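# Observations on the three-dimensional arrangement
Each chain, letter by letter, is given below.
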Protein chains: 2
Amino acid sequence: MIASSVDDEARMETPETTQVNHGATLEPADENDRILSIQSHVAYGYVGGKAAVFPLQCIGYDVDVVNTVNFSNHTGYGCFGGTRASAEELASIFKMMDETGLLSPQRLLTGYIPNAAALEVVKKLAQKLKSRNPNLIYLMDPVLGDSGKLYVSQDVIPIYKEMFAYATIITPNWFEVETLTGVPLLSLSALRNALSILHKHVQHVIISSIPLQPWLSKILPETMQPPASADNRQAYLLCISSSRTTETSSHSTVHARLVPLIAGYFSGVGDLFSALTLGHFNNNKRYSATQTPLSFAAAAALHKTYSILEFTNAFAARLPPEDRTTTDDERDAAEPVRKLKRMKGRELRLVQGQYILREEWREGQGKDLQFWDGFWDSS
Amino acid sequence: MIASSVDDEARMETPETTQVNHGATLEPADENDRILSIQSHVAYGYVGGKAAVFPLQCIGYDVDVVNTVNFSNHTGYGCFGGTRASAEELASIFKMMDETGLLSPQRLLTGYIPNAAALEVVKKLAQKLKSRNPNLIYLMDPVLGDSGKLYVSQDVIPIYKEMFAYATIITPNWFEVETLTGVPLLSLSALRNALSILHKHVQHVIISSIPLQPWLSKILPETMQPPASADNRQAYLLCISSSRTTETSSHSTVHARLVPLIAGYFSGVGDLFSALTLGHFNNNKRYSATQTPLSFAAAAALHKTYSILEFTNAFAARLPPEDRTTTDDERDAAEPVRKLKRMKGRELRLVQGQYILREEWREGQGKDLQFWDGFWDSS
């Protein structure tokens, strides 16, 4: 360690002081804007905090990092080691941060919380932070499951619903929307119904990804449809942002953008997207008439996340054949190393692609979410 | 979470794929060069892994992060919450990483390890990694104490000494050198003696900081002395790098550079320095006749660490008076918040100063360590 301590602190002048300037590529995050991020930690690879913190640091935020689990790697590998933080441990960390005067973030980000007891502790924290600072921007990613499968226990669901009261933005995927609202997303009216339910509590809702199935394709405005030239085997995902217009309205301003699905399972993508959404959200800035603070943030997050995914996918495609096998549960079961190698090859390339994360984001680059005119019109 | 999974993985083509390029500002770290970093984690602020990982990511390394403690904040605040990872937890994480094929870093970085049992686990890991890969670059920061005070228990000292056998580079401060060698640094012959003892086991030694006391001032070559114009109340620290010339030689190539001391205690400085030293060390590259791989890495690390410290110090100096009090044990004891505020104001400004971390480092910018000609000459 370097010693930098002396008894006589009167000598504060340092000769040879060089002038330092902020890097021009940084987003103009307020110098004092800090984010408290509460999610999982893995030693190897990029999910949870490992997928969220570095990108937020790259765009200029100080991030306070509380780890809800300490695992060797993400659970998608099929085997992992380490421990979950108990509710008591989390509470003791928050308590000590509070007593030390270190618990006054301007933004809060929560992701995977291992169980109901731990989630209760996080709920109380969110409540406390929100009551102290009504301007707290809390992005809650209600991590429940994906593609029709829950990966948390049922008893966290009601707690997430209670936590809506403190959330500024939520970023469920389609399955999480269905789980939280009880509404299967199979029609425009179902989609409206689900958004209405969520907006009763939360001003800003992003449905991070809905597969472009026939029902959705039918209702999607012409301008948002896949290009006519597209390969018709190509699947798509829709990202929807929805901001409630007034306190009492059940209606909202809806924006959306379609992106081609990149086949294969990549972990940490949702964690990265949520972090970037929070990082790019600014409700004090003025946008053009066609955008909202939420649609702007969602566009930045979607573009950067998608670019990282393409970059990672391109890397994975160049690996030796044994490192880029396709999902095959039978063969994976017979030869577990097959899956391990595939997972390893698909870890997000955040470090190598950090120039993507740092891009300054502006409207009008052809990657904005589009206003969904008439979304709420009964017809 | 964003769903990015589909059943049919045949659809690997993605239209609209954009070309991606590496950012020009990145150091040319090998794409596949990974660092395994084993040190402390704090939720708030920048010491241990929080001071090491982001800088290494900024210069292009994938970093695997194993947390030896999970604390709310660094212990310098006087109060903190959280837990230490047990030796069993650490062993289980390493074991699982190994079984999952995730334990083959090219570089290893170790810092604060809370106790002898945990350090034994890390020792076994270092031994295993080194025996598998003799080219492993292991930077061991033997974190023992500072300014004359031990902050670990005595029983870790012999284990650190055993671990020298696996280390490529060690970065003790003057107090750690004295503790590890038993030699008080009070003369040129003592300094030679201490380096000889360390070089019996380790090829590359950096003494990260020695205060420029009269004995050192007397033996320091003329070209390394403080500028004649310097304020004579200004204190200085010397950074020494020493690379053993041959396997058997007890002599070494010594370089050094003096930097003005920045008064006040800043935490995490040594952790940042060690991380940057490892990140900039490249023993496959050719340097000019006056430099070694170690002196090059030490110069980069010293310059960037010092610049971050200046940047942080300049920030702290602009804070309101209550946030930038001087150290005064009596007043701190009477009013603990005084110390908390001071500590908070002195957290390293790594995020805001990240452009410093990302600077491409070259020789000959006037910040190199200088060759200490005749260091070993008996005279």
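Residues numbered from 1 in each chain as written. Chains lettered and ligands numbered in written order. Predicted model: local features only at pLDDT ≥ 70, side-chain atom pairs only at ≥ 80, totals over all residues. Heavy atoms only, no water.

## Describing the overall build of chain A
Condition: Per the convention used, a helix needs a DSSP run of H or I reaching at least four residues, while a strand needs a run of E reaching at least two, with both numbered from the N terminus. Exposure classes here rest on a 1.4 Å probe applied to the protein chains alone. A residue is buried below 20% of its type maximum, exposed above 50%, and partly exposed in between. Throughout, a residue-residue contact means that at least one pair of heavy atoms, one from each residue, lies within 4.5 Å. We get accessible surface area from the Shrake-Rupley algorithm with a probe of 1.4 Å; when it comes to residues, only the shown protein chains can shield them.
Across its full length, chain A carries 12 helices and 12 strands. Referenced to the eigenvectors of the C-alpha coordinate spread, the extents of chain A come out at roughly 75 × 55 × 45 Å. In chain A, which comprises 379 residues, the proportion classed as buried is 60%. A separation threshold of at least 6 residues defines the contact pool for chain A, and within that pool the share at least 24 residues apart is 75%. For chain A, the exposed area adds up to about 14700 Å²; of that, 51% sits on carbon and sulfur atoms.

## Focus on the UniProt feature "domain: Pyridoxamine kinase/Phosphomethylpyrimidine kinase" (unreviewed entry) in chain A
As a reminder of what qualifies: UniProt positions are given in the numbering used here, feature names are shortened, and annotations may be inferred rather than shown by experiment.
Mapped onto the present numbering, the UniProt feature "domain: Pyridoxamine kinase/Phosphomethylpyrimidine kinase" (unreviewed entry) falls at residues 110–208 of chain A. Overall, residues 110–208 of chain A shows 44% helix and 16% strand. The separation of its end C-alpha atoms is 16 Å.

## Some thoughts on the pattern of salt bridges
Any two side chains of opposite charge can pair, given that their charged atoms come close. Rule in force here: We define a salt bridge as a side-chain nitrogen of Lys or Arg found within 4 Å of a carboxyl oxygen belonging to Asp or Glu.
In the structure shown here, the tally under the stated rule is 22 salt bridges over all chains. The partner of Glu162(A) in a salt bridge is Lys123(A), and the shortest N-O contact between them spans 2.5 Å. Taken together, the residues span a long stretch of sequence, with Glu162(A) in helix α4 (residues 157–163) and Lys123(A) in helix α3 (residues 116–132) at a distance of 39 residues. One salt bridge in this structure joins Lys123(B) and Glu120(B), with 3.3 Å as the shortest N-O distance. Note that Lys123(B) and Glu120(B) are positioned in helix α3 (residues 116–132) at a spacing of three residues, about one turn of the helix. If you follow the salt bridges from partner to partner, you end up with Arg34(A), Asp62(A) and Asp64(A) in one network.

## Overview of helix α11 (residues 336–345) of chain B
Within the span of α11(B), buried status applies to Arg338(B), Leu340(B), Arg342(B), Met343(B) and Gly345(B). Among the structural elements, α2 (87–99) of chain A together with α9 (293–317) and α10 (329–334) of chain B are those in contact with the buried residues of α11(B).

## Considerations on the packing of helix α1 (residues 49–58) of chain A against helix α8 (residues 269–280) of chain A
What describes two packed helices is the angle between their axes and the distance between those same axes. Residues and elements named next belong to chain A. Worth spelling out the cut-off: What counts as an axis is a line fitted to C-alpha atoms, over the stretch in contact for a helix, and the angles between N-to-C directions run from 0 to 180 degrees. Working definition: roughly parallel below 35 degrees, roughly antiparallel above 145 degrees, roughly perpendicular at 65 to 115 degrees, and oblique for all remaining angles. Left-handed describes a crossing whose near helix is turned anticlockwise from the far helix by less than a right angle; the clockwise case is right-handed. Amino acids are sorted into nonpolar (Ala, Val, Leu, Ile, Met, Phe, Trp, Tyr, Cys and Pro), charged (Asp, Glu, Lys and Arg) and polar (every other residue, Gly among them).
At a minimum axis distance of 8 Å, the contact between α1 and α8 shows a crossing angle of 30°. Here α1 lies roughly parallel to α8, going by the angle between them. Helix-helix and strand crossings are classified by hand; for α1 and α8 the assignment is right-handed. The residues of α8 that touch α1, namely those facing Ala51, Ala52, Pro55 and Leu56, are Asp271, Leu272, Ala275, Leu276 and Gly279. Here the residues of the contact of α1 with α8 are counted per class, giving seven nonpolar, one polar and one charged.

## A closer look at the sheet that holds strand β12 (residues 370–371) of chain A
Residues and elements named next belong to chain A. Condition: Note: two strands are recorded as paired if DSSP finds a minimum of 2 bridges between them.
Read from one edge to the other, the open sheet built from 10 strands follows the order β3-β2-β1-β4-β5-β8-β9-β10-β11-β12, with strand pairing classed as mixed. Edge positions in the sheet fall to β3 (82–84) and β12, since each has one partner strand and no second. Pairing between strand β5 (residues 137–140) and strand β8 (residues 169–170): two bridges, direction parallel. Residue pairing for β8: Leu139 is matched across the bridge by Ile169. Lying on the sheet, α2 is in contact with β1 (34–42), β2 (62–71) and β3; it crosses β2 at an angle near 160°. Packed onto the sheet, α3 meets β1, β4 (107–110) and β5 and runs at close to 170° relative to β1.

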